[in-house]
Amino acid sequence: MLLSPAGVEALRTALTRARFTSNGIADRLGPQATGGVARNDFRAALKATEDRDPLATLIRVFICDQTEPEAVVASALAPLDLGEAVEGGLLERHGDGVRAGVDLEPYGDEWWVLADVPASARPGRPLHSEHVLGIGGATQTLIGATVRRPVGTALDLGTGSGVQALHLSTHARSVTATDVSPRALRFAATTAALNGQDWELLRGDMVAPVAGRRFDLVVSNPPFVVGPGTTTHVYRDSGRVGDAIGSELAAAAPALLTEGGTMQYLANWVHVAGEQWDERVADWFAGTGLDAWVIQREVADPMAYVNLWLTDVGEAADPQRMAAWLDWFDAHKVEAIGFGIISLRRGGHADPVVRVEDLRQRVQPPMGDQIGAWFDRQEFLQVRDPEALLAERYRAAEGLQLRQEASLGDEGWAVDRQVLAMPHGLRWTEEIDPLVLALVGGADGRLPLRDQLALLAVAHDVAPDELAEAAGPIVAHLVERGIIEPVAD
């Protein structure tokens, strides 16, 4: 840990006593200053904290990155000894006072997370090779995408500051976390202790420390950045060439998961000229025996991608580094880089489902609920043969909308296109024909699907058996999308 156990306890006492929490800070600063802080505009916050009481001082030091007199900071952190805080790296001496040595971030109204000070706060200061990230965009993406259901054992691969493990502790009886960086494990251990958590922390590269063990839930925000395999910062660079870290985790998943277990991780993948990106990524899961859902949320061109990650570590002014990275992309015919969420489940089915798809639309949060529901629907479909699907009753999803496009001709309006739209959940849109529209429109939960199809066959002059055979895959797709839902008996 960064501090001794007694020092961590003293720090928790100081933070709690001062109300150095998200709500406590917002109450103290007010909406205008709080909004300014979110934009890195600290003017109003500094004005609101001029009296230097303990909360004001902590805000100035850890939120506004100010240098404050040692005596004032010592008073705000009491009973934590200032000397221990400096020695442990929580603070650093600067000018005629002290300033934050780490990013101590109030998280919600109950937690605190310790990480390195972000590059944006100290321009020109090179990042440590084992720089420990705080709560960034990718972190929040995985937090929101994780299926939050009670589990016995949970694993956080590449824990960093311990943010994912902190969330896992809310619904797992035991939490294990790994990291290749001893420095990161010190931060994670401090985050755990500061929040009263007891995690098993293991050092090693990705899954190596837990070889031979299985978990009910595995999450990972790995060093997924795609490139030639150069390693300069462990939070970003895995040392693997290209997007191999994504396929490596896919291959490791079967041995990591208990029966019914779930694994979720973030990944980048390359779009290669002449190849279908979705087919390429789907190959990662061939032979694993796992159900897989890959959701692509963003796509970047190589130049924007390289600029983003060089800027992230303060290397944007290095033209040779940029040229070498872009040359690697050119040599491997990389046209774009996708980013998204991979969710796997060990369902034990003979014919596992693999879906790789683009999902850029805004999704009703938390996304983890939507992913969990998707796996539930897959379970429903996989244990039912076509006859069993026809025997079920279905109803259209609540709030389902029909959108039509029509052209005005000599004989009036003619409908060109009909689209079903879900205003909630995954917010899918689905273009349909009149027969499917009639099927969905008639799905009110009263009749078994076979009886409903028999009525449609008469209305559309189609043989009932032919319609039932053709409807099977369509109904399965509509159920998978959540457009129609089975009605429980």
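Whatever comes next refers back to the structure up there.
Not measured: the values here are computed from a predicted model.

> So what exactly am I meant to see when it comes to the sheet that holds strand 7 (residues 200-203) here?
In any sheet, the strands associate via hydrogen bonds between backbone groups, in a parallel or an antiparallel arrangement. Here we have eight strands laid out as an open sheet, ordered 7-6-5-8-9-11-10-12, and mixed in their pairing. At either margin of the open sheet sits one strand with a lone partner, and together these are strand 7 and strand 12 (354-358). Taken over all neighbouring pairs, the strand axes of this sheet differ in orientation by 20° on average, direction set aside. Across the face of the sheet, helix 14 (residues 367-382) comes into contact with strand 9 (257-272), strand 10 (291-300), strand 11 (334-345) and strand 12 while running at roughly 140° to strand 10.

> What is the right way to look at the nonpolar core in this model?
Across soluble globular proteins, you tend to see nonpolar side chains buried next to one another. With 104 residues, the main nonpolar core has M263, F285 and F329 as its most contacted residues. Element by element, the count of residues in this core is highest for strand 9, at eight residues. Apart from residues lying up to four places away in sequence, F285 is in contact with A250, Y265, A292, V294, I342, L344 and V354. Counting 40 residues, the second largest nonpolar core, distinct from the first, contains F62, V102, W112 and A193.

> What's the story with the pattern of salt bridges in this structure? I'm lost.
Any two side chains of opposite charge can pair, so long as their charged atoms come close to each other. Tallied over the entire structure, the rule returns 30 salt bridges. Here R355 ties to E480 by a salt bridge, and the two come within 2.8 Å at their closest N and O atoms. Here the residue R355 occupies a position in strand 12, and E480 occupies one in helix 18 (residues 464-481), the gap between them amounting to 125 residues. What makes R355 partly exposed here is its relative accessible area of 32%. The buried category is assigned to E480, whose relative accessible area is 6%. When the shortest N-O distance is used, the salt bridge between E357 and R481 registers 3.1 Å. Placement of the pair is E357 in strand 12 and R481 in helix 18, with a sequence separation of 124 residues. Three or more residues are tied together by salt bridges with common partners; here these are D65, E92, R99 and R122.

> Where do I start with the packing of helix 14 against helix 18 in this structure?
Each packed pair of helices is defined by two parameters, the angle between the axes and the distance between the axes. Closest axis-to-axis distance for the helix 14/helix 18 pair is 8 Å, and the angle between their directions is 155°. When the interaxial angle is binned, helix 14 and helix 18 end up roughly antiparallel. Packed against helix 14, whose contacting residues are W374, R377, Q378, F380 and L381, the element helix 18 presents A476, V479, E480 and R481 at the interface. Residue composition of the contact of helix 14 with helix 18, grouped by class: five nonpolar, one polar and three charged.

> Would you explain helix 9 (residues 182-194) in this entry?
Here helix 9 is 13 residues long and its end C-alpha atoms lie 18 Å apart, about the 18 Å a rise of 1.5 Å per residue gives. Counting buried positions along helix 9 gives ten out of 13 residues, so the element sits mostly inside the fold. For helix 9, the complete set of buried residues consists of A184, L185, F187, A188, A189, T190, T191, A192, A193 and L194. Residues of helix 9 that are buried in the fold lie against helix 1 (5-18), strand 3 (103-107), strand 4 (111-115), helix 8 (163-168), strand 6 (172-179) and strand 7. Positive phi shows up at G196, right after helix 9, with a value of about 70°.

> In this structure, what is going on with unusual backbone geometry? I would like to understand it.
Cis geometry marks the peptide bond from A78 to P79, where omega comes out at 20°. With respect to the helices, strands and loops of the structure, P79 is situated in the loop between helix 5 (70-77) and helix 6 (82-87). The linkage connecting P365 with the following residue, P366, adopts the cis geometry, with an omega of -5°. Locating P366 in the fold gives a position in the loop between strand 12 and helix 14.

> How should I be thinking about the packing of aromatic side chains in this particular structure?
Two aromatic rings, taken as a pair, are described by how far apart their centres are and by the angle between their planes. If you walk through the whole model with that rule in mind, you get 13 aromatic pairs. The interplanar angle of 50° and the centroid separation of 5.6 Å between the aromatic rings of F224 and F339 together place this pair among those described as tilted. One end of the pair, F224, is in the loop between strand 8 (215-220) and helix 10 (244-256); the other, F339, is in strand 11, and 115 residues separate them in sequence. With respect to class, F224 is no different from F339; both count as buried. What links up through ring pairs into an aromatic cluster is the set W269, W277, W284 and F285.

> Before we go on, may I ask you to explain helix 12 (residues 302-312) in this structure?
What helix 12 keeps buried is the set P302, Y305, V306, W309 and L310. In a view along the axis of helix 12, the buried residues occupy a sector of 120°, so they form one face of it. In this fold, the buried residues of helix 12 make contact with strand 9, strand 10, helix 13 (319-331) and strand 11. Phi for G314, located one or two positions after helix 12, is positive at around 75°.

> I tried to follow the pairing of strand 5 (residues 151-157) on my own but got confused; where do I start?
A regular strand carries its side chains on alternate faces of the sheet. Judged by how many residues are buried, strand 5 sits mostly within the fold: six of seven residues are covered. Bridge analysis of strand 5 against strand 6 gives six bridges, and the strand direction is parallel. Across the sheet, the residue bridging to V151 is A172, located in strand 6. As a crossover connection, the stretch from strand 5 through helix 8 into strand 6 is right-handed.

> Is there a simple way to explain the packing of helix 1 against helix 9 in this structure?
Where helix 1 contacts helix 9, the two axes come as close as 9 Å, and the packing angle between them is 55°. In terms of axis orientation, helix 1 runs oblique to helix 9. Relative to helix 9, helix 1 is oriented so that their crossing is right-handed. Residues V8, L11, R12 and L15 of helix 1 lie in contact with helix 9, whose contacting residues are T190, A193 and L194. Counted by class, the contact of helix 1 with helix 9 contains five nonpolar, one polar and one charged residues.

How each quantity is defined
- Residues numbered from 1 in each chain as written.
- Predicted model: local features only at pLDDT ≥ 70, side-chain atom pairs only at ≥ 80, totals over all residues.
- Heavy atoms only, no water.
- Pairing = 2+ DSSP bridges.
- Helix = DSSP H or I, 4+ residues; strand = E, 2+ residues; numbered from the N terminus.
- Axes fitted to C-alpha atoms, helices over the stretch in contact; angles between N-to-C directions.
- Contact = heavy atoms within 4.5 Å.
- Core = buried A, V, L, I, M, F, W, Y, C linked by side-chain atoms within 4.5 Å.
- Buried < 20%, exposed > 50% of the residue type's maximum accessible area, 1.4 Å probe, protein only.
- Salt bridge = Lys/Arg side-chain N within 4 Å of Asp/Glu carboxyl O.
- Parallel < 35°, antiparallel > 145°, perpendicular 65-115°, else oblique.
- Nonpolar A, V, L, I, M, F, W, Y, C, P; charged D, E, K, R; others polar.
- Expected span 1.5 Å × (residues − 1).
- Phe/Tyr/Trp six-rings, centres within 6.5 Å; stacked < 30°, edge-to-face > 60°.
- Arc of directions from axis to C-beta.
- Right-handed = clockwise from strand over helix to strand, strands pointing away.
- Left-handed = near helix turned anticlockwise from the far one by under 90°.

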